[in-house]
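Survey of secondary and tertiary structure
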Amino acid sequence: MSQPKIIIVGAGFGGLAAAKALKNTPAEVILIDRTNHHLFQPLLYQVATSVLTPSQIATPIRGIFRNQKNITVIMGEVTGANKDKKCVFVSDEDRQNVTLAYDYLILATGASHSYFGRDEFAEYAPGLKSLADAEAARNKILQAFELAEAEEDPTRHPELLTFVLVGAGPTGVEMAGALAILVRTTLKSDFRRINPSSTRIVLVDMAPRVLGPFSENLSKAARQRLDNLGVEVRLGHSVDRIDAEGVVIAGERIPSKTVIWTAGVAPSPAGKWLNVETDRAGRVRILSDLTVPGHPEICVVGDTASLDQNGKPLPGVAQVAMQQGRYAGKLVHSRVAGNSPPSPFSYFDKGSMAVVGKGFAVLQSGKVQMSGLPAWITWASVHLQFLATSSLRLTVLLQWIWTGVTGQRGDRLIVNHQRSEVANPAPSITVKSTSAGG
Ligand SMILES: Cc1cc2nc3c(=O)[nH]c(=O)nc-3n(C[C@H](O)[C@H](O)[C@H](O)COP(=O)(O)OP(=O)(O)OC[C@H]3O[C@@H](n4cnc5c(N)ncnc54)[C@H](O)[C@@H]3O)c2cc1C
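So, here's what we can say about the structure. Everything numeric in this text was worked out from a predicted model, so none of it was measured. (Residues numbered from 1 in each chain as written. Predicted model: local features only at pLDDT ≥ 70, side-chain atom pairs only at ≥ 80, totals over all residues. Heavy atoms only, no water.)

**A closer look at the sheet that holds strand β5 (residues 71-75)**
Two orientations exist for strands paired in a sheet by backbone hydrogen bonds: parallel and antiparallel. Taken in spatial order, the six strands line up as β5-β2-β1-β9-β21-β20 in an open sheet, and their pairing is mixed. With partners counted over all chains shown, the strands left at the sheet margins are β5 and β20 (291-292), one partner each. In terms of strand pairing, β20 meets strand β21 (residues 295-300) through two bridges, oriented antiparallel. What sits directly across from Thr-291, in β21, is Cys-299. Helix-sheet contacts for helix α1 (residues 13-21) involve β1 (5-9), β2 (28-33), β5 and β9 (104-107), and the interaxial angle to β1 is about 155 degrees. Packed on one face of the sheet, helix α9 (residues 318-337) meets β1, β9, β20 and β21 and runs near 180 degrees to β9. (Pairing = 2+ DSSP bridges. Helix = DSSP H or I, 4+ residues; strand = E, 2+ residues; numbered from the N terminus. Contact = heavy atoms within 4.5 Å. Axes fitted to C-alpha atoms, helices over the stretch in contact; angles between N-to-C directions.)

Put into structure tokens, the structure is as follows:
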């Protein structure tokens, strides 16, 4: 008898945990992702600000499952699903909408940026969600310093050296803190015409305080730290406009050539593929066993799922995705093995953390609230622990120590993937064809 087929879409935190939980399941597991790597999104801002290299926060999925023989990894883009015919459609560079049938489906396709209906902002304010985004942000930031150094007219320096971050949640705050450290330490002595520490970093949010999900005290501590680092925090106003010249907030234009979107996220279109009920944000409403109502063979986990616990929706964080992925894997295993299913899913909140510059973090876990160096040490140990492989843990730890001690960063290269030497060919030289011996 052929083995049941389990398809997992997405090798992020949720999909990876599900795949690992199916290690001993007598089934054919197919793990599909549009990229060939598992990405540790919480450290994306460190790639964008040159602390870490891309390969320090991402791991080839194939390598992770090298020894798990029941898993086949497919790199492809899932474009839809048919829940009645029990199949998904997968496209890649070579083939379009190939049908793959499943007996069980786990969707863990995460989220992308949301510009809150102002998609025209995307052109000028790229977000931070993928490795390509982080590299693009790093290029843009480093390029701004290069352009300013090359610019002989000092009146143009301020707009080149103003960085605006839109969104003062954890990503915006972490990014602002890291940028402030970058200009004060690493770049301090590298330029002759400009003074990198005169860089203006503006953090904008319509919310009344930074780090909204944290307690008011921790939010205040983070704000104080940002003030000390010289970050200009503008709260209580949404962005009216973003264009090639900068941003407009509450009627005031802030000229800037570098705007980065660190605000909202929108779930993947999994709800549309399945044509099932979603919440207002578009996340698939799931039952307490993480399945889709009426379809016990389909689980949806992580950022693309919506589940309430104690009357509140679970947050879109890595811990929720990991715990749900693990649960979905166990649930499917129990079905395949004919065992009784696990008791309903219950999220165990281990707490939240955010870093604000070097050696400073805020931490909230139950009644425990901390800020400063002890919180940063906890943050660093937890993040190291959750990196996908031991080699990443080691290289990231060494890089942090090196950067902390010397101020030097891992990757300060501007790599323009669009540009090739062929785009500007050298003047052509006509070579006369000659016959052999002629
Ligand atoms: C910049 C940033 C910082 C963050 N910091 C923190 C933090 O400090 N702490 C925290 O807990 N959380 C943090 N988060 C949130 C956390 O990363 C997410 O909650 C978590 O990644 C969700 O896991 P997931 O498995 O649902 O989705 P993801 O980890 O996003 O994985 C989704 C996977 O699905 C793949 N995929 C998507 N669509 C398709 C498709 N159509 N076909 C094929 N593959 C597809 C993607 O390539 C990706 O690999 C951060 C997020 C970002 C962007």
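**Quick look at the site of the ligand**
Taken together, 25 residues are adjacent to the ligand, and Gly-14, Asp-33, Gln-41, Val-78 and Asp-303 come closest. One of the side-chain nitrogen or oxygen atoms of Asp-303 is found 2.8 Å away from an oxygen atom of the ligand. Here the ligand loses 89% of its free accessible area of 980 Å² to cover by the protein chains. Elements supplying a minimum of two residues to the shell around the ligand: α1, β6 (77-82) and α9. A breakdown of the residues in the shell around the ligand according to their chemical character gives ten nonpolar, ten polar and five charged. (Near = heavy atom within 4 Å. Polar contact = N/O pair within 3.5 Å; in protein donor to acceptor, adjacent residues only side chain to side chain. Areas by Shrake-Rupley, 256 points an atom, 1.4 Å probe, with all protein chains shown as cover. Nonpolar A, V, L, I, M, F, W, Y, C, P; charged D, E, K, R; others polar.)

**Re the environment of Arg-253**
Within the secondary structure, Arg-253 sits in strand β16 (residues 252-255). Put simply, Arg-253 and Ile-242 are eleven residues apart on the chain and 9.4 Å apart in space, counted from C-alpha to C-alpha. Apart from the residues within four sequence positions on either side, Arg-253 is in contact with Arg-241, Asp-243, Glu-245, Gly-246, Val-247 and Val-248. Side-chain polar atoms of Arg-253 contact the side chain of Asp-243, separated by 2.6 Å.

**Some details on the sheet that holds strand β8 (residues 98-101)**
As summarised here, the arrangement of the three strands in space is β6-β7-β8, forming an open sheet in which the pairing is antiparallel. Each edge of the open sheet is held by one strand with a lone partner, namely β6 and β8. For this sheet, the mean inter-axis angle between neighbouring strands, taken without regard to orientation, is 30 degrees. When strand β7 (residues 87-91) meets β8, the two strands line up antiparallel, connected through four bridges. By the bridge assignment for β8, Cys-87 is matched with Ala-101.

**Looking at unusual backbone geometry**
Despite not being glycine, Lys-86 shows a phi value in the positive range, around 55 degrees. Phi at Leu-211 is positive, roughly 50 degrees, even though this residue is not glycine. Here Leu-211 is to be found in the loop between β12 (200-205) and α7 (216-228).

**Things to note about the pattern of salt bridges**
As enumerated under the stated definition, the model contains 19 salt bridges in all. Here Glu-152 and Arg-193 are joined by a salt bridge, their closest N and O atoms 3.7 Å apart. Of the two residues, Glu-152 sits in the loop between α4 (131-150) and α5 (157-160) while Arg-193 sits in the loop between α6 (170-184) and β12, which places them 41 residues apart along the sequence. Overall, Glu-152 belongs to the exposed group, its relative accessible area being 62%. For Arg-193, a relative accessible area of 47% corresponds to the partly exposed category. Here Lys-257 and Glu-245 are joined by a salt bridge, their closest N and O atoms 3.6 Å apart. (Salt bridge = Lys/Arg side-chain N within 4 Å of Asp/Glu carboxyl O. Buried < 20%, exposed > 50% of the residue type's maximum accessible area, 1.4 Å probe, protein only.)

**Side note on helix α10 (residues 373-386)**
Look at α10: 20 Å from first C-alpha to last across 14 residues, which is about the 20 Å you get at 1.5 Å a residue. Of the positions making up α10, those classed as buried are Ala-375, Trp-379, Ala-380, His-383 and Leu-384. Seen along its axis, α10 keeps its buried residues to an arc of 165 degrees; they face one direction. Buried residues belonging to α10 abut α2 (44-48), α6, β25 (352-355), β26 (361-365), β27 (368-372) and α11 (390-406). (Expected span 1.5 Å × (residues − 1). Arc of directions from axis to C-beta.)

**A few points about α7**
Taking 1.5 Å as the rise per residue, α7 with 13 residues should run 18 Å; its terminal C-alpha atoms sit 18 Å apart, in good agreement. For α7, the complete set of buried residues consists of Leu-218, Ser-219, Ala-221, Ala-222, Arg-225 and Leu-226. Projected down its long axis, α7 shows its buried positions confined to an angular sector of 160 degrees, all on one face. Exposed residues pointing more than 90 degrees away from the buried face of α7 are listed as Glu-216, Asn-217 and Lys-220. Looking at the buried positions of α7, the neighbouring elements they touch are α6, β12, β13 (231-235), β26 and β27. The first or second residue beyond α7 is Gly-230, which carries a positive phi of 85 degrees.

**A few points about the packing of α1 against α9**
Where α1 contacts α9, the two axes come as close as 7 Å, and the packing angle between them is 30 degrees. When the axis of α1 is compared with that of α9, the two are roughly parallel. Read as a crossing pair, α1 and α9 show a hand that is right-handed. Mapping the contact onto sequence places Phe-13, Gly-14, Ala-17, Ala-18 and Ala-21 in α1 and Ala-318, Ala-321, Met-322, Gly-325, Arg-326, Gly-329 and Lys-330 in α9. Counted by class, the contact of α1 with α9 contains seven nonpolar, three polar and two charged residues. (Parallel < 35°, antiparallel > 145°, perpendicular 65-115°, else oblique. Left-handed = near helix turned anticlockwise from the far one by under 90°.)

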